[in-house]
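Take a look at the letters that make up each chain.
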Amino acid sequence: MAADQKLIKTRNIGIIAHIDAGKTTTTERILFYTGKVHKMGEVHDGEATMDWMQEERERGITITSAVTSCEWHGHTINIIDTPGHVDFTIEVERALRVLDGAVGVFCAVGGVEPQSETVWHQADRYKVPKMAFINKMDRIGADFFRVIDMMKNRLGAKPLILQLPWGSEDSFKGIIDLVRMKAILWEDESLGANYEDAEIPSEMEEEALAYRDIMLETLADTDDDIMGKYLAEEEIDPRELVRAIRKATISLLLVPTFCGTALRNKGIQPLLDGIVDILPSPLDVPPIKGIIPGSNENDIRRAEPKGPFSALAFKVMMDQGRKMTYIRVYSGTVKAGEPVYNVGKGVKEKLARLLKMHSNKRERIDHAVAGDIVAVMGLKLTSTGDTICSESDPILLEPIQAYEPVISMAAEPKRVQDQDKLMSTLEKLSEEDPTFRYKVDEETGQTIISGMGELHLEVIMGRLQREFLVEINKGRPQVVYRETVTKTVDHEEIFDRELGGQQHYAGVKMRVEPNSRSKGNSFFNKCSHPGLIDDFVDVIREGIEEAASSGVLLGYPVIDTGITLLDVSMKDSETDTMALKIASGMAFQNACRKGDPILLEPVMEAEILVPDEFMGEVISDLNSRQGRVEYIDNQAMIQIITAIVPLSKMFGYSTSLRSVSQGRGNFSMQFSHYDNID
């Protein structure tokens, strides 16, 4: 019973929003009022508790999601403060994957901003119940009801207004609680720690009654008990209202909406009340689903401390050179020092230490149970999205969706002796961040790093220099082209030479012709010479393949050609495999020179998600990049444009897209094929 009570009083929540909406400031106030910290850190001063990385403090933004926990009215609240910049979307993705509820923070001036849409739809995909907090009510231009309308129009959400702002901009005093029909005032002298109930001011009474009626009517549509009392015009106890609000929120029908100003210390305590009263506990959300390894059978794991152990690794970090893995425990109990089983990789690992995290500070614990979010040391092979469980009861949970990088640049160490250190450092960074990739291009010798945007790669560069002490030169990567022929050519090549005192002779006649795009190279043997044994055919093919690896224009590989062997000429004592190989290679290259060779460049398939109103600008921009729109899919208020665009024209596209779509566009791209650069 005690374990169940602990679960009932646990809330795993995320703070999600667009950059600069006030997520981190809101989290700082939550930590202060719950007694977790004794001094409020400010983002603009570089002192926020949750922004602990040097890069975060310098830039005043959240880059990596930070985990902490606090207590409020006997409940444990585990909080993940997530980034708001689109370049770090994976941090939000993996946080939402393991959370039971979320608080969306909206700026009362900016409203529903671009990244707010992205993270909101991510939460929708994972069916995460949400609350909304309209922040910055004290700012010039704050408009509570405009934000409510934007939530309806842009997010397709159904806000349930539980509070009204008492004043706005400089005159913002407090809030009107529509559930209890009370006004709440905060004392500035106590940094907002002290607040009191008051009667609703007469000038707001009519508005408060009207919006309470809208709240009751909206709730009545989701709850029969409330409907009965509402229609009978009976008084409804606030506890009944909270129960109905909680039920509708967990069922994803409504989004309870609060307001305040985190920076001015108003509205946070009622928000905390809402988190514990309305958002779900691990017992309120559906059991996690998974697959039994080695079969296609589905299984579920309930949030039971006594059940079989299962957890999902959702984040990996390098901590002073050692690997620290964040996990969400879905079922069972695990103790420090116990062996666990990584199902996907089929290996046993050992949990050396269990840690309860508070941003980058930690507290050692001896065990973790269902519903806990903890960090562990000792998992050497486990990476983001891996399932760990007991070997006797294996289950494979759904992995975390990774995003493909959309921008690349070349990187090289300023000192040659740092090359090995650079490669090992890039390996560590790619383990931490699934959206960061690196490779050494075999054709150019460049080390290419890839990420989600310019800021993402800037942060990586900064970390390479600051944390790992590797000085880097950076530059745009070279586009690697291909070559092909455009007309059919028959060509015969005779190789007749004395080498090492021995005469070598071979003649090869072949036809080289263009193949259709993406078909690759094909080889056909139509030679009927009686002396052409299989071994000779093989070396002729090898000679052609070696010659095709370096074309005749700029030395790029030759692709999409059809090669037909028409005839060979041989002399008994002088024809051998070496002569045939050299003759075939020369024949192929000379045929290509006659075949009007052209360069082909990599062409990408780009998928662009953009709101309706910016579709014209986005398509115009694609046209200027020699892009070709393949089709457009309309989904609610978002248009999904699929286009074919040359890779060389896509450098810097993430910045351009944000510019033409006011930051509300998103895109991903992948290699499609090679095509003519004209």
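Residues numbered from 1 in each chain as written. Predicted model: local features only at pLDDT ≥ 70, side-chain atom pairs only at ≥ 80, totals over all residues. Heavy atoms only, no water.

1. A closer look at the overall build of the chain
Thinking step 1. Looking only at helices and strands, the chain has 16 helices and 37 strands in total.
Thinking step 2. Going through the 678 residues of the chain one by one, you find that 55% of them count as buried.
Thinking step 3. For the chain, the share of sequence-separated contacts (at least 6 apart) that also reach a separation of at least 24 residues comes to 72%.
Thinking step 4. Accessible area for the chain stands at about 29700 Å²; split by element, carbon and sulfur atoms hold 48% of it.
Thinking step 5. Here the chain contributes 77 positively and 107 negatively charged side chains, and the mean placements of these two sets differ by 4 Å. (Helix = DSSP H or I, 4+ residues; strand = E, 2+ residues; numbered from the N terminus. Buried < 20%, exposed > 50% of the residue type's maximum accessible area, 1.4 Å probe, protein only. Contact = heavy atoms within 4.5 Å. Areas by Shrake-Rupley, 256 points an atom, 1.4 Å probe, with all protein chains shown as cover. Lys, Arg positive; Asp, Glu negative; His and termini not counted. Charge placed at Lys NZ, Arg CZ, Asp CG, Glu CD.)

2. Side note on a nonpolar patch on the surface
Thinking step 1. The grouping of L499, M578 and I582 at the surface amounts to a nonpolar patch, some 210 Å² of accessible area in total.
Thinking step 2. Summarising the element assignment, I582 is placed in helix α14 (residues 577-594).
Thinking step 3. Looking at I582, the relative accessible area reads 30%, which means it is partly exposed. (Patch = residues over 30% accessible without salt bridge, like charges linked within 9 Å, V, L, I, M, F, W, Y side chains within 5 Å. Salt bridge = Lys/Arg side-chain N within 4 Å of Asp/Glu carboxyl O.)

3. Comments concerning the packing of helix α8 (residues 224-231) against helix α9 (residues 238-250)
Thinking step 1. One way to put it is that α8 packs onto α9 with a least axis distance of 10 Å and a crossing angle of 135°. As judged from the angle between their axes, α8 and α9 are oblique. Handedness of the crossing formed by α8 with α9: left-handed. Residue-level inspection shows D225, I226 and K229 of α8 in contact with α9, the latter providing E240, L241, R243 and A244.
Thinking step 2. Split into classes, the residues belonging to the contact of α8 with α9 amount to three nonpolar, no polar and four charged. (Axes fitted to C-alpha atoms, helices over the stretch in contact; angles between N-to-C directions. Parallel < 35°, antiparallel > 145°, perpendicular 65-115°, else oblique. Left-handed = near helix turned anticlockwise from the far one by under 90°. Nonpolar A, V, L, I, M, F, W, Y, C, P; charged D, E, K, R; others polar.)

4. Considerations on the side chain of D100
Thinking step 1. Of note, D100 is situated in the loop between α4 (89-98) and β4 (101-107).
Thinking step 2. Residue class for D100 comes out buried when judged on its relative accessible area of 4%.
Thinking step 3. Within the structure, D100 has its side chain in polar contact with the side chain of R328 (distance 3.2 Å).
Thinking step 4. When residues no more than four places from it in sequence are discounted, the contact partners of D100 are N12, V128, P129, P280, S281, P282, V285 and R328. (Polar contact = N/O pair within 3.5 Å; in protein donor to acceptor, adjacent residues only side chain to side chain.)

5. Overview of the state of the cysteines
Thinking step 1. Across all of its chains, the model carries zero disulfides by this definition.
Thinking step 2. C527 forms no disulfide, and the closest cysteine sulfur to it belongs to C592, at a distance of 20 Å. (Disulfide = S-S within 2.5 Å.)

6. Comments concerning the nonpolar core
Thinking step 1. Of all hydrophobic cores here, the largest spans 70 residues; its most connected members are I77, V103 and I176.
Thinking step 2. Leave out the neighbours within four places in its chain, and V103 touches I13, G14, I15, I16, M131, F133, L271, I275 and L279.
Thinking step 3. If you look at the next biggest cluster of nonpolar residues, it comprises 28 residues, including V537, I563, L565 and A583. (Core = buried A, V, L, I, M, F, W, Y, C linked by side-chain atoms within 4.5 Å.)

7. Regarding the sheet that holds strand β33 (residues 561-569)
Thinking step 1. In spatial order, the strands read β30-β31-β33-β32; together these four strands make up an open sheet with mixed pairing. Each end of this open sheet is capped by a strand with a single partner; those strands are β30 (489-499) and β32 (522-525). The sheet shows a mean angle of 25° between the axes of neighbouring strands, taken without regard to direction.
Thinking step 2. As paired elements, β30 and strand β31 (residues 502-514) share 11 bridges and run antiparallel to each other. Paired with L499 across the bridge in β31 is Q502.
Thinking step 3. Docked against the sheet, helix α13 (residues 534-548) engages β31, β32 and β33, running at close to 150° with respect to β32. (Pairing = 2+ DSSP bridges.)

8. Regarding unusual backbone geometry
Thinking step 1. In this model, K127 sits at a positive phi of 55°, which is unusual for a non-glycine residue.
Thinking step 2. Relative to the elements of secondary structure, K127 occurs in the loop between α5 (114-125) and β5 (130-135).

9. Concerning helix α16 (residues 653-660)
Thinking step 1. Taken as a whole, α16 has its buried residues at Y653, S654, S656 and L657. Burial along α16 is one-sided: seen end-on, the buried residues are contained in an arc of 160°.
Thinking step 2. Count one or two residues on from α16 and you reach Q662, which has phi positive near 55°. (Arc of directions from axis to C-beta.)

10. Structural notes on helix α2 (residues 23-33)
Given 3.6 residues per turn, any residue in an α-helix points the same way as the ones three and four places further on.
Thinking step 1. Counting buried positions along α2 yields 11 of 11 residues, so the element is predominantly enclosed.
Thinking step 2. By the burial criterion, the buried members of α2 are K23, T24, T25, T26, T27, E28, R29, I30, L31, F32 and Y33.
Thinking step 3. Downstream of α2 by a residue or two, G35 has a phi angle that is positive, lying close to 80°.

11. Looking at the packing of aromatic side chains
Any pair of aromatic rings gets described here by the distance separating the centres and the angle formed by the planes.
Thinking step 1. Summed over all chains, the structure comprises seven aromatic pairs.
Thinking step 2. Both rings, one in W186 and one in Y195, keep their centres 5.7 Å apart while their planes meet at 25°; by these two values the pair is stacked.
Thinking step 3. Residue classification places W186 among the buried positions, given a relative accessible area of 8%.
Thinking step 4. Seen in terms of ring centroids, Y481 and Y556 are 5.8 Å apart; in terms of plane orientation they differ by 65°. Their pairing is edge-to-face. Taken together, the positions of Y481 in the loop between β28 (472-475) and β29 (482-484) and Y556 in the loop between α13 and β33 put the pair 75 residues apart, joining distant regions of the chain.
Thinking step 5. An aromatic cluster is present here, built from F144, F145 and Y211 joined pairwise through their rings.
Thinking step 6. Across from the ring centre of Y126, 5.5 Å away, lies the NZ or CZ of R125, which sits over that ring.
Thinking step 7. Of note, K571 hangs over the ring of Y505, and the distance from its end group to the ring centre comes to 4.5 Å. (Phe/Tyr/Trp six-rings, centres within 6.5 Å; stacked < 30°, edge-to-face > 60°. Lys NZ or Arg CZ within 6 Å of the ring centre and 35° of its normal.)

12. Observations concerning the sheet that holds strand β23 (residues 387-389)
Thinking step 1. Spatial ordering of the open sheet is given by β18-β17-β23-β14-β15-β22-β19-β20, a layout of eight strands whose pairing is antiparallel. Each having just a single partner strand, β18 (347-350) and β20 (361-365) make up the two edges of the open sheet. Strand-to-strand twist in this sheet, taken as the mean axis angle between neighbours without regard to direction, amounts to 40°.
Thinking step 2. The pairing of strand β17 (residues 339-342) with β18 spans four bridges and is antiparallel. Bridge pairing in β18 links N342 to V347.

13. Quick look at the environment of S424
Thinking step 1. Positionally, S424 belongs in helix α11 (residues 419-432).
Thinking step 2. The partly exposed category is assigned to S424, whose relative accessible area is 38%.
Thinking step 3. At 3.0 Å, the side chain of S424 forms a polar contact with the backbone oxygen of K421.

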